[in-house]
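Fold and contact review
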Amino acid sequence: MPRRSLTLQGRIRWLLLGILLFLSLVLFTYFLECTPPPNISLALSGPGVEPYGKEYYQALLQEQEERHLNRAASLKRQIAQLKQELQEMSERLKSLQDKKGTVPQGHIGNKDQEPNDLLEYLHSQIDKAEVSTGARLPSEYALVPFESFTATKVFQLEMGLTRHPEEKPVRKDRRDELAEVIEAGLEVINNPDEEDGQEEDGIPMQKQAYTEVDFVEGLSPEEAALLITHLGLYRTERDKGTMYELFYRKEDADDFRHVTLFRPFGPLMKVRSTSVEAASSIINIIVPLAGRTEAFAQFLHNFREVCLQHDRRVHLTVVYFGKEGLLKVKTILEQTAREEKFTDYTLIPVDEEFSRGRGLDIGAHAWKKGDVLMFFCDVDIYFTLEFLNTCRLNTYPNKRVFYPVVFSLYNPAIVYGNLELSPPVEQQLVHKKDAGFWRDFGFGMTCQYRSDFLSIGGFDLEVKGWGVEDVHLYRKYLRSDLIVVRTPVSGLFHLWHEKQCADELTPEQYRMCIQSKAMNEASHSHLGMLVFREEIESHLRKQAFQAHSKPAK
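To keep things clear, this report deals only with the structure shown in the data block. On a predicted model such as this, the values are computed, not experimentally measured, just so you know.

A short note on the state of the cysteines
One pass over the structure, following the stated rule, counts two disulfides. Across a sulfur-sulfur distance of 2.1 Å, Cys-501 and Cys-513 are joined as a disulfide pair. Disulfide Cys-501 to Cys-513: torsion about the S-S bond roughly -90°, handedness left-handed. On the criterion of sequence distance, the pair formed by Cys-501 in the loop between strand S16 (483–494) and helix H16 (507–519) and Cys-513 in helix H16 is long-range, its members being twelve residues apart. Of the two residues examined, Cys-501 and Cys-513, each falls in the buried class. Sequence-ordered numbering of the bonded cysteines in the protein yields a pairing of 1-2, 3-4. Residue Cys-307 stays outside any disulfide, its sulfur separated by 9.1 Å from that of Cys-377, the closest cysteine. When its relative accessible area of 0% is taken as the criterion, Cys-307 is described as buried.

Right under this line is the structure:
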């Protein structure tokens, strides 16, 4: 019995040893199968040898790009499928309502406002918004302004302490929104409906493929080198949705494609797609003036570079008040006309006290060649070639007027105080917080057709001197059926000049003048540096004294 027991124990030991060896073999085989193959480039790497070649990274990038393209295509298919399902459900609901003759429950509102189905509700939101006709508003504070944008930049009025007048969209949802809108506009243009076969004024549509470049770079290469382009506007009304106005242009083409989209808190919907012929639109630039001959010379230099050397579709009307400086202004105009072979200008001398509204009214009535697009301008305004097209594209007779928001430059002596001399004017034209601000309280610069100006009643000629008259005209348009387009414009600048608020002004005019003077001087941070200048200088003196007082080591 003992010998049999020992034999059994020996067999058990050998069995356990065999099992252990078998498990070790299985584990070793597993490691051989799961371990990644050794990288030859790593084995050969040494000083001066890269672990991976250029082709390896290019292959990785191509693989990632293919994944993103496939993902984007998949998402587009899903979106198209969802839109199709939404359409089918809407049609099914409508057919059920037609059979039963009932109105769906659960929609809040009056009976005359209740939509029969989802599509009708979305279209009702478009009808409520200012898309085809203007809404009568009580004051300038009730208007919702647009924001202008390109594919890479947004020009915005609401800045606060952290945002800037010109920004790249930081949030991904904002970037995706603008990219989606631009792509949707291209889809509308490149795949027109039957109703888009002809523009309202009879201009036929040209079928040619448009791309994102035609939105971002709507200019010829020569013009694009000189200008900042923006050809998109959008605004959101919280109870209706977001409206988008998009403009596209092919290189070397005169006409623009204008696409209007609307997002009624749902999918994007096309409102219209039209062709706009801007080449034949002459702009009558009207400038009221009294004295300030040096500023007029600077204005005429800008006018020559933009209007005479590039655009050539303008007429200049200068209404000059008083006799002092009149001869010099006339000499500057005649010299420019000879050098540029330019005859489309009018100088109207007025022996009266200066009144901006009176001067613009005289300039508007002096035109005797029918209807014309007018740009009410000041001698301190600097505009780009792109602005002239923006003026043409956003103004239609008996339909809409354009009130751009000017970017007002601060006092260059403060902005560039750390330099010996301020840079030339052309180098000061930047949209930065410390360089200027959007002049959203000014309504003097405007593009409108002469017929609309006369039918609305023009300026209040009882107003004398500075301000108020432009606000009164602006309010008239707000209370009419015309659409008022109000948006910051990248190609329109107000050059700094010292303001004098006369004692003869009314209390309201004087308050507005002082307010404008204070806001026009410098940014919040620069004004703070001026206020605390003594404290800053005292701190610097203490720092310098302490540095000199330390014993040398």
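What follows picks up the thread again.
Here we look at unusual backbone geometry
Positive phi, normally seen in glycine, also occurs at Arg-292, with a value near 50°. Among the structural elements, Arg-292 can be located in the loop between strand S8 (283–289) and helix H8 (293–311). For Arg-312, which is not a glycine, the phi torsion comes out positive at approximately 65°. As for its position among the elements, Arg-312 is in the loop between H8 and strand S9 (314–321). On the basis of relative accessibility, which here comes to 43%, the residue Arg-312 falls in the partly exposed class.

A word on the packing of aromatic side chains
One pass over the full model with this rule turns up 19 aromatic pairs. When the ring of Phe-299 is compared with that of Phe-383, the centres are 6.3 Å apart and the planes differ by 65°; the resulting orientation is edge-to-face. Residue Phe-299 is located in helix H8, and its partner Phe-383 is located in strand S12 (residues 381–383); the two are separated by 84 residues in the primary sequence. Look at Phe-407 and Phe-493: their rings are 6.2 Å apart centre to centre, the planes differ by 85°, and that puts the pair in the edge-to-face class. Taken together, the positions of Phe-407 in strand S13 (residues 400–409) and Phe-493 in strand S16 put the pair 86 residues apart, joining distant regions of the chain. Accessibility assignment for this pair places Phe-407 and Phe-493 in one class, buried. Here the aromatic cluster, defined as three or more aromatic residues joined through ring pairs, consists of Phe-296, Phe-299, Phe-303, Phe-342, Tyr-345, Phe-375, Phe-383 and Phe-387. Note that Arg-486 overlies the ring of Tyr-474, its terminal NZ or CZ placed 5.9 Å from the centroid.

Calculation notes
- Counting restarts for each chain: residues are numbered from 1 in the order of the written sequence.
- Predicted model: local features are reported for residues with pLDDT of at least 70 only, side-chain atom pairs are reported and counted for 80 or more only, and whole-chain, interface and lining totals are derived from all residues.
- Only hydrogens and water are removed before side-chain values are computed, so all heavy atoms of the structure are retained for them.
- Cysteine sulfur atoms that come within 2.5 Å of each other are treated as a disulfide pair.
- Under the DSSP-based scheme used, a helix requires at least four consecutive residues in state H or I and a strand at least two consecutive residues in state E, with every element numbered from the N terminus.
- Each residue is placed in one exposure class: buried if its accessible area under a 1.4 Å probe, protein chains only, is under 20% of its type's maximum, exposed if it is over 50%, and partly exposed if it falls in between.
- Aromatic rings from Phe, Tyr and Trp, with only the six-membered ring used for Trp, were paired whenever their centres fell within 6.5 Å, and each pair was classed as stacked if the ring planes differed by under 30 degrees, edge-to-face if by over 60, and tilted otherwise.
- The criterion for a charge sitting over a ring is simple: Lys NZ or Arg CZ within 6 Å of the ring centre, and within 35 degrees of the ring normal.

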